[in-house]
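Structure assessment
Single-letter residue listing:
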Amino acid sequence: GDGRGAISLHDLGSKNGTYAGAIRVSEGTIPSGTTLKVGRTTLRVEDAGATEVELLEAASLAGIVGASESIRRLMAQVERAAKFNSAALVTGESGTGKELVSEALHLLSPRKQGPWVVVDCASISPTLVGSELFGHERGAFTGADRRHIGAFERAHKGTLLLDEIGELPPAMQQSLLGVLERRRFRRVGGSEEVEVDVRVVAATNRDLRGEVNRGSFRLDLYYRLAVVQLVVPPLRDRLEDLPVLIGHF
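So, here is what we can say about the structure in this document. Remember, it's a predicted structure, so these values are computed and weren't measured experimentally.

**Focus on the sheet that holds strand β15 (residues 199–204)**
Strand order in the open sheet made by the 5 strands is β11-β12-β15-β10-β16, with parallel pairing throughout. Each edge of the sheet is formed by a strand with only one pairing partner; in this case those strands are β11 (116–120) and β16 (228–231). Within this sheet the neighbouring strands show an average axis-to-axis angle of 20°, counted without direction. Pairing of strand β10 (residues 88–91) with β15 involves 4 bridges; the strand directions are parallel.

And the structure:
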């Protein structure tokens with residue numbers, strides 16, 4: 001590196017060559033962050049050195065389709081993350097396929113035989129979020145004429161997607177944090193503690209870290225949800241996937 005983010009590249013006679021995109025490079029200067037192809041290995045070069053980038057060889061994975069480098073990198077991340085039980089945060093613009101990526105985490109996981117439950121936090125009245133997530137007992141509030149089983153309980157032994165998590169009211173953020181920490185909760189209006197085994201995946205089109213900085217989203221909840229972070233790229237940044245997608249559909 002030259003201290004300004006530029007890196008000197010020299011291929012010392014490799015058999016397969018070094019490629020930056022479609023261009024074979026023997027020597028030159030590249031900016032920090034450049035992705036190189038060396039044989040079957042993809043490297044992202046930073047000032048601190050080169051980091052190997054894992055790409056899925058196939059052009060589809062559990063409903064995710066594409067052949068571009070960015071989507072195959074995402075598929076490799078999904079395949080790896082699905083093996084674990086950690087909470088995951090999926091971010092990306094509206095329409096990029098965050099729910100598809102989230103469901104792939106479930107379908108490729110040991111929980112695939114369990115329930116897949118989706119809650120759209122943006123479409124629930126703030127007064128009913130607690131009931132939707134944790135359920136309620138009969139008589140808990142006006143109109144509660146029977147016990148309601150909430151999303152966490154329905155997702156026991158499976159995966160729960162909290163879509164548009166950035167819309168969750170502050171009071172419910174605290175309640176959700178408690179459930180993620182203790183893995184148990186009380187239904188609204190109830191005294192009995194319900195214990196659950198649920199993997200939580202959250203999705204948002206917001207800059208959730210920015211929301212934390214602005215004070216509208218809890219930092220401790222963010223860290224609980226963002227153990228695994230997956231970013232879904234927009235189609236405009238991977239137009240080479242269009243032929244694959246057209247063929248798929």
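**A short note on the nonpolar core**
By size, the foremost hydrophobic cluster in this structure holds 33 residues, and its most contacted members are L133, F152, L160, L162 and I165. Within the residue set of this core, elements represented by two or more residues are β11, α3 (129–134), α4 (151–154), β12 (159–163), α5 (170–182), β15, α6 (208–214) and α7 (219–225). When residues of this core are assigned to their parent elements, the largest contribution, 5 residues, is made by α5. Non-local contacts of L133, meaning those with residues more than four positions away in its chain, are made with V119, G150, A151, F152, L162, L168 and M172. Of all hydrophobic cores here, the second largest spans 21 residues; its members include L56, M75, L230 and V232.

**Concerning α5**
Taking 1.5 Å as the rise per residue, α5 with 13 residues should run 18 Å; its terminal C-alpha atoms sit 19 Å apart, in good agreement. Residues of α5 that are buried sit in contact with α3, α4, β12, β13 (184–186), β15 and α7. Just downstream of α5, R183 is the residue with a positive phi angle, here 60°.

**Considerations on the packing of aromatic side chains**
Given two aromatic rings, their pairing is described by the distance between the two centres and the angle made by the two planes. Applying the stated criterion to the full structure yields 4 aromatic pairs. Ring centres 6.2 Å apart and planes at 55° place the aromatic pair F152 and F185 in the tilted group. Of this pair, F152 sits in helix α4 while F185 is found in strand β13, placing the two residues 33 residues apart along the sequence. Of the two residues examined, F152 and F185, each falls in the buried class. Through successive ring pairs, a cluster of aromatic residues spans F134, F152 and F185.

**Points about unusual backbone geometry**
In this structure, A62 takes a positive phi of about 50° despite not being glycine. In this structure, K157 takes a positive phi of about 70° despite not being glycine. One can find K157 in the loop between α4 and β12.

**What to know about a nonpolar patch on the surface**
Side chains of L235, L239, L242 and I246 sit close together on the surface and give an oily, nonpolar patch of about 360 Å² of accessible area. Inspection of the secondary structure puts L242 in helix α8 (residues 242–248). Owing to a relative accessible area of 35%, L242 belongs among the partly exposed residues under this scheme.

What counts and what doesn't
- Residues numbered from 1 in each chain as written.
- Predicted model: local features only at pLDDT ≥ 70, side-chain atom pairs only at ≥ 80, totals over all residues.
- Heavy atoms only, no water.
- Pairing = 2+ DSSP bridges.
- Helix = DSSP H or I, 4+ residues; strand = E, 2+ residues; numbered from the N terminus.
- Axes fitted to C-alpha atoms, helices over the stretch in contact; angles between N-to-C directions.
- Core = buried A, V, L, I, M, F, W, Y, C linked by side-chain atoms within 4.5 Å.
- Buried < 20%, exposed > 50% of the residue type's maximum accessible area, 1.4 Å probe, protein only.
- Contact = heavy atoms within 4.5 Å.
- Expected span 1.5 Å × (residues − 1).
- Phe/Tyr/Trp six-rings, centres within 6.5 Å; stacked < 30°, edge-to-face > 60°.
- Patch = residues over 30% accessible without salt bridge, like charges linked within 9 Å, V, L, I, M, F, W, Y side chains within 5 Å.
- Areas by Shrake-Rupley, 256 points an atom, 1.4 Å probe, with all protein chains shown as cover.
- Salt bridge = Lys/Arg side-chain N within 4 Å of Asp/Glu carboxyl O.

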